[in-house]
Amino acid sequence: MVRFKHRYLLCEVVSDDPRCRLSLEDRVLGGLIRDTIARVHGTFGAASCSIGFAVRYLNAYTGIVLLRCRKEFYQLVCSALPFITYLENKGHRYPCFLNTLHVGGTIRTCQKFLIRYNRRQLLILLQNCTDEAEREAIQKSVTRSCLLEERSDEEELSDNGGEEEAAEAME
Amino acid sequence: MWSALEKMPAPATTYERIVYKNPSEHHYMKVRLEFQDRGVGLNAAQFKQLLISALKDLFGEVDAALPLDILTYEEKTLSAILRICSSGLVKLWSSLTLLGSYKGKKCAFRVIQVSPFLLALSGNSRELVLD
């Protein structure tokens, strides 16, 4: 059938500075990625990748970014992501890097992966946390997410994302 | 007689078949640089810098690092023989095509011959003069 096929890249913004994630904005990040592709792949890369390019989802608390690009040129975008070394916002420069977690053909597959990934991250957080109050909060989130899994097959990203956000923000 | 043939020992040599899909990993290009005005000269280093900046313009830093060699260069005629790996031939040729100027002066690359074998560049049937 005739339609434009896309690839959705699920990435995580990793940084030492805690202010870096909070200053994430979709337009700023989109511009930064376009500039990086233009530097690494030239005018050909910039033109071919920017047609179907969009930042589809951005979570400032967890630093998760969902990028969309055309299927024919997703490798150019993928190979340009390691060249991003800093995030610039309002004159402040924060060093960071983008970790690619998953490449999917649809938003739904990326969502399913993100839910499983967040559950695993909650358990890792539980192991690493030091404060008793944090430990209780994370344990509550873990049990809630397990209940949600048993109750329904389809989950809203906002539902689970809310709990994960709260848990990560508390850390 | 048939039994004698059957009892003949198998030949000691074994045969191995090697298939080359692409016999050469490099492609060789004979190019000439033409300027609109006369009297512009480049030395070999400036010529290579021009090629790399053309690649970088169109294809970015990744392809500006393609293993490109200038095998011969003549400063008087501004002609050169370049060697590039086969996967980068299309990129080099297209970036040479789209190169428009050097330091503000208009110029153009004329590609005279392209071949996967260097020996083929020694004779060009287009420049053959028949008596």
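A quick note: this is a predicted structure, and the numbers were derived from the prediction, not measured. (Residues numbered from 1 in each chain as written. Chains lettered and ligands numbered in written order. Predicted model: local features only at pLDDT ≥ 70, side-chain atom pairs only at ≥ 80, totals over all residues. Heavy atoms only, no water.)

Some thoughts on the overall build of chain A
Counting its secondary structure elements, chain A contains six helices and five strands. Reading chain A from its N end, one meets helices and strands in the order β-α-α-β-β-α-β-β-α-α-α. Within the span of chain A, comprising 171 residues, buried residues form 42% of the whole. Residue pairs in contact within chain A that sit at least 24 positions apart in sequence constitute 68% of those at least 6 positions apart. As displayed, chain A has an accessible area near 10100 Å², and 51% of this comes from carbon and sulfur atoms. (Helix = DSSP H or I, 4+ residues; strand = E, 2+ residues; numbered from the N terminus. Buried < 20%, exposed > 50% of the residue type's maximum accessible area, 1.4 Å probe, protein only. Contact = heavy atoms within 4.5 Å. Areas by Shrake-Rupley, 256 points an atom, 1.4 Å probe, with all protein chains shown as cover.)

Re helix α4 (residues 107-128) of chain A
Between its terminal C-alpha atoms α4 of chain A stretches 31 Å, which fits the 32 Å expected from 22 residues at 1.5 Å a residue. Along α4 of chain A, the positions that sit buried rather than exposed are C110, F113, L114, I115, Y117, N118, R119, L122, L125 and L126 of chain A. (Expected span 1.5 Å × (residues − 1).)

Let's talk about the packing of aromatic side chains
Per the counting criterion, the structure on display carries five aromatic pairs over all chains. A centroid spacing of 5.4 Å and a plane angle of 55° characterise the contact between F44 of chain A and F59 of chain B, whose relative ring orientation is tilted. Taken together, the residues span two chains, with F44 of chain A in helix α2 (residues 26-49) and F59 of chain B in helix α2 (residues 44-64). Look at F113 of chain A and Y117 of chain A: their rings are 6.0 Å apart centre to centre, the planes differ by 20°, and that puts the pair in the stacked class. Here Y117 of chain A and F113 of chain A lie together in helix α4, a separation of four residues that amounts to about one turn. Like F113 of chain A, the residue Y117 of chain A is buried in the burial classification. The structure contains a cluster of three or more aromatic residues connected by ring pairs, namely F47, Y73 and F109 of chain B. Here R7 of chain A stacks its cationic end above the ring of Y74 of chain A, 5.8 Å away from the centre of that ring. (Phe/Tyr/Trp six-rings, centres within 6.5 Å; stacked < 30°, edge-to-face > 60°. Lys NZ or Arg CZ within 6 Å of the ring centre and 35° of its normal.)

A closer look at α2 of chain A
Each α-helix winds once per 3.6 residues, and so residues spaced three or four apart point in a common direction. In a regular helix each residue adds 1.5 Å, so 24 residues correspond to 34 Å; α2 of chain A covers only 17 Å between its end C-alpha atoms and thus falls short of that length. A maximum bend of about 135° is found in α2 of chain A at H41 of chain A. By the burial criterion, the buried members of α2 of chain A are L29, G30, L32, I33, T36, I37, V40, H41, G42, G45, S48 and C49 of chain A. Next to the buried residues of α2 of chain A lie β2 (54-59), β3 (64-70), α3 (74-80) and β4 (86-89) of chain A together with α2 of chain B. (Bend = angle between axes of the 7 residues up to and from the residue.)

A few points about the packing of α2 of chain B against helix α3 (residues 89-97) of chain B
All names here are of chain B. Contact geometry of α2 with α3 gives a least axis separation of 8 Å together with a crossing angle of 125°. Relative to α3, the element α2 lies oblique. α2 and α3 meet at a crossing whose hand is right-handed. Counting all contacts with α2, which are made through L51, A54, L55, L58, F59 and D63, the residues of α3 involved are K91, L92, S94, S95 and L96. Across the contact of α2 with α3, the residue classes tally to seven nonpolar, two polar and two charged. (Axes fitted to C-alpha atoms, helices over the stretch in contact; angles between N-to-C directions. Parallel < 35°, antiparallel > 145°, perpendicular 65-115°, else oblique. Left-handed = near helix turned anticlockwise from the far one by under 90°. Nonpolar A, V, L, I, M, F, W, Y, C, P; charged D, E, K, R; others polar.)

Regarding the domain arrangement of chain A
Residue and element names in this part refer to chain A. For chain A, the assigned domains read domain 1 (1-104) and domain 2 (106-156). The straight-line distance from the C-alpha centre of domain 1 to that of domain 2 is 25 Å. Summing both partners gives a buried area of about 790 Å² for domain 1 against domain 2, and 80% of it is carried by carbon and sulfur. At the boundary of domain 1 with domain 2, the tally comes to zero salt bridges. (Domains from an automatic or database assignment. Buried area = accessible area lost by both parts, 1.4 Å probe. Salt bridge = Lys/Arg side-chain N within 4 Å of Asp/Glu carboxyl O.)

Some remarks on the sheet that holds strand β1 (residues 26-35) of chain B
One key point about sheets: their strands pair by backbone hydrogen bonds, in either a parallel or an antiparallel sense. All names here are of chain B. With antiparallel pairing, the five strands of this open sheet are ordered in space as β2-β3-β1-β5-β4. The open sheet terminates on both sides in strands that have one partner only, identified here as β2 (68-74) and β4 (101-102). As paired strands, β1 and strand β3 (residues 79-85) are joined by seven bridges and run antiparallel to one another. Among the inter-strand pairings, V31 is bridged to a residue of β3, identified as A80. Here α2 sits on the sheet and contacts β1, β2, β3, β4 and β5 (105-115); the angle it forms with β2, its principal contact strand, is near 135°. Packed onto the sheet, α3 meets β1, β2, β3 and β5 and runs at close to 5° relative to β1. (Pairing = 2+ DSSP bridges.)

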